[in-house]
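# Residue-level structural notes
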Amino acid sequence: MNKIEELAKLICPNVTLTINDLEKKYPARNLPTDAKVTRFAPSPTGFLHTGSLFASFVASKFAHDSNGVFYLRIEDTDTKREVKGSIETVVKQLGLFDINIDEGYSIGGIYGPYIQSERSFIYDTVIYEMILKGLAYPCFCTQEELDKIREVQMANKERPGYYGKYAKCRNLTVEEAIEKIKNNVPYVVRFKSNGNFLNHIDFHDEIRGDLKLSENDLDIVIRKSDGLPTYHFAHACDDHFMHTNYVIRGEEWLPSAPIHVQLFNALNFELPHYAHLPVIMKNDNGNRRKLSKRLDPEASVTYFIEQGYPTSALLIYLCTIANSNYEEYRLANPDSKISDFKLSFDKFSLDGALFDLEKINNISKDVIFKTPINELVSSIKEWASSYDSKLLSLINTDKDMFAKIMSFGKNDPQPRKDYYKFAEIYDHICYMYKDTYDELACEELPYDETLISTSCKLFKNDLSLYKPNKDDWFNHQKEIARSIGFANNKKDMKENGFTYMFSEYMSIIRVALTKRKNAFDLVDIIDTIGIDEAIRRLNNFIK
RNA sequence: GGCCUAUUGGUGAAACGGUUUAACACAUCGCCCUCUCAAGGCGACAUUCACGGGUUCGAAUCCCGUAUAGGUCACCA
């Protein structure tokens, strides 16, 4: 065994395979030529970020639009930032948003393992050969030494980083390296870059087009001292052996693309296509900044789940951010599904969109209104059982009544669109139920008591004639209200000297029946609570 | 600071050198409908495309500068 082999063996003692073996173990996928293989590769550092949902949505859509494969890979190489249980949360939340995974973590597949902490045998196999070929070397610099180098570079106004003359471990002899490792000196493995920063490489991005980027000359770390790979290296190995052909990721990766290009070239791996997605932004007092988990509740997908947004509403919104022509498509094809629309790279905006909750609310209202009543009721019930116990108890007191309330105006020529999220429902409907009505505080009316009680009595006495035909009934009410001084309309009021309008009469009755100035259609309300209950409420109110 | 990317109303944006006195959608504001609310209908809302130069018969569209914003420069992804 020569010295370089000894070094390689020391760095990767458990290697039994060669890169060639790996190529055979992970053969090319048998797919049509234009099929896209994409992936979502989250780090388990918490719940699903809205930006990650966007990236995974786009990646899965491109795969599925082309009859390709969308897989899930867990990038858990940063043990310090790992949050226990977050993998399960992310997988669950992807499922809730109908992001269908074809392969990968939690499902399996022949290109596994799909979790990076279990892929060391692959990384080490590659590193072993890189050492032999002189493409990688161990670096024993301590954090302090690296900080020192940076300081010097800053002082000299030079580019910071481990390159050129600053890459001192590059020049260590094999013997020296072996010696240090045998003495248990901690070390990382670095890629030996042959790049020149002054050179430019041509880089094609599917979204951004042709770019010229500076060549990488940094000897980046590919394996950390804990033995785990860094992102850059894992990206090259994993996306190669898993045969990803479209790498769809956030814009923040664009500056490191030259590193990836160089790595793929050095390893003789075929370069995938890249698409760098614009980052979703947030307006913060007139300034744009990244949507932040810490500052913006809507940056976490959990927010939308807890508030009871239909998941498709968020997806529709994200789809319009991705390709703004989707909005027009949806207008022209109101009954289409997202899957009917094909996303295209050249329709992407290059600038990060400002996240617009108002627009989501608008979309959501429409989605909720279009959901068939049975489906709606059962998803509201399911949501309420986790997030809204007050609403759940209303539903449970009378399920049919709840379904009836939720379908108010649904079949009218001008249908109602009352809610954009389930968390709004309780407050809209609570007065419909006897017990909650009794506990409710009553809104004030700007009329004297005599007028109020006269109106209520008149209305109550007339209730026996109640017929649930809206037009007839309201016309009839107009007549009787007029008899105690409420004009039919503005014209009537002016011409005949009335002080009050019919709408004011109705608002007195409305408050009596619901304790609210704003409520549903009165006919619907009486129809639902029943005449007896209506009379009871009126009597209580008159008192 | 270096490198990269972007810049059309409050927001998402269309526009691919002339049919643009800038589409569509959200928001906002009016009016209409109306038992209130919601919904719906109608209308208003950029004379101008960050700014300054150029090219052209003609520029939001092409070129060059400037400004501004964002990303990135880790043993984090």
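Each chain has its residues counted from 1, running along the sequence as written. For this description, chains carry letters from A and ligands carry numbers from 1, given in the order in which they are written. For a predicted model such as this one, the threshold for reporting local features is a pLDDT of at least 70, and the threshold for listing and counting side-chain atom pairs is 80 or more; totals across whole chains, interfaces and linings nevertheless cover every residue. The basis for every side-chain value is the complete set of non-hydrogen atoms in the structure, without hydrogens or water.

## Digging into the packing of aromatic side chains
- Classification of ring pairs uses Phe, Tyr and Trp, with its six-membered ring standing for Trp, and accepts pairs whose centres are within 6.5 Å; under 30 degrees between planes counts as stacked, over 60 as edge-to-face, and the remaining range as tilted. Under the counting rule described, the total for this entry stands at 32 aromatic pairs.
- Between Y123 and F233, the ring centres sit 6.2 Å apart and the planes meet at 55°, which makes this aromatic pair tilted. Residue Y123 is found in helix α5 (residues 120-132), and its partner F233 is found in helix α8 (residues 231-241); the two are separated by 110 residues along the sequence. Accessibility classification places Y123 together with F233 in one group, the buried group.
- With a centroid separation of 5.8 Å and an interplanar angle of 70°, the aromatic rings of Y163 and Y166 are classed as edge-to-face. The same class applies to Y163 and to Y166, which are both buried. Elements are defined by DSSP. Helices are runs of H or I of four residues or more, strands are runs of E of two residues or more, and each kind is numbered from the N terminus. Three exposure classes are used, based on accessible area relative to the maximum for each residue type with a 1.4 Å probe and protein chains only: buried under 20%, partly exposed in between, and exposed over 50%.

## So, α5
- Under the convention used throughout, the expected extent of a helix is 1.5 Å for every residue step, that is, one less than its residue count. Taking 1.5 Å per residue as the helical rise, α5 with its 13 residues ought to reach 18 Å, and the 18 Å between its terminal C-alpha atoms agrees with that figure.
- Where α5 is concerned, the buried positions are I122, Y123, D124, T125, V126, I127, Y128, E129, M130 and I131.
- A contact between two residues is defined here by any heavy atoms of the two lying within 4.5 Å. Looking at the buried positions of α5, the neighbouring elements they touch are α1 (3-11), α2 (19-25), β4 (136-139), β5 (188-191), β8 (221-223) and α8.
- With its phi angle positive at about 75°, G134 sits one or two positions after the end of α5.

## Description of the state of the cysteines
- Any two cysteine sulfur atoms within 2.5 Å of one another count as a disulfide. By the definition in use, this model includes 0 disulfides.
- A disulfide-free cysteine, C139 has its sulfur positioned 3.8 Å from the sulfur of C169, the nearest such atom.
- Among the cysteines around C141, which has no disulfide bond, C169 carries the closest sulfur, lying 3.6 Å off.
- According to the relative accessible area criterion, C141 is buried, its value standing at 14%.

## Considerations on the sheet that holds strand β3 (residues 103-104)
- Any two strands with at least two DSSP bridges between them are considered paired. Pairing is parallel across the open sheet formed by 3 strands, whose spatial order is β1-β2-β3. Only two strands of the sheet have a single neighbouring strand rather than two, namely β1 (37-40) and β3.

## Topic: the environment of D435
- Relative to the assigned elements, D435 resides in helix α18 (residues 434-439).
- C-alpha of D435 to C-alpha of L394: the two residues are 41 residues apart in sequence and 9.5 Å apart in space.

## Remarks on the sheet that holds β4
- If you trace the 3 strands from one edge of the open sheet to the other, you get β4-β5-β8, paired in antiparallel fashion. Either end of the sheet is taken by a strand with one partner, and the two such strands are β4 and β8. Going across the sheet, the axis of each strand differs from the next one's by a mean of 45°, ignoring polarity.
- Two elements, β4 and β5, share 4 bridges in a ladder whose sense is antiparallel. Axes here mean lines fitted to C-alpha atoms, for a helix over just the part in contact, with angles spanning 0 to 180 degrees between N-to-C directions.

## Concerning unusual backbone geometry
- Put simply, G112 and P113 share a cis peptide bond, and its omega is 0°.
- If you trace the backbone, P113 turns up in the loop between β3 and α5.
- At K157, a position not held by glycine, the phi torsion is positive, near 55°.
- Residue placement: K157 occurs in the loop between α6 (143-155) and α7 (174-182).
- Here the phi dihedral of N184 falls at roughly 60°; this positive angle occurs in a residue that is not glycine.
- With respect to the helices, strands and loops of the structure, N184 is situated in the loop between α7 and β5.
- Residue classification places N184 among the exposed residues on the basis of a relative accessible area of 66%.

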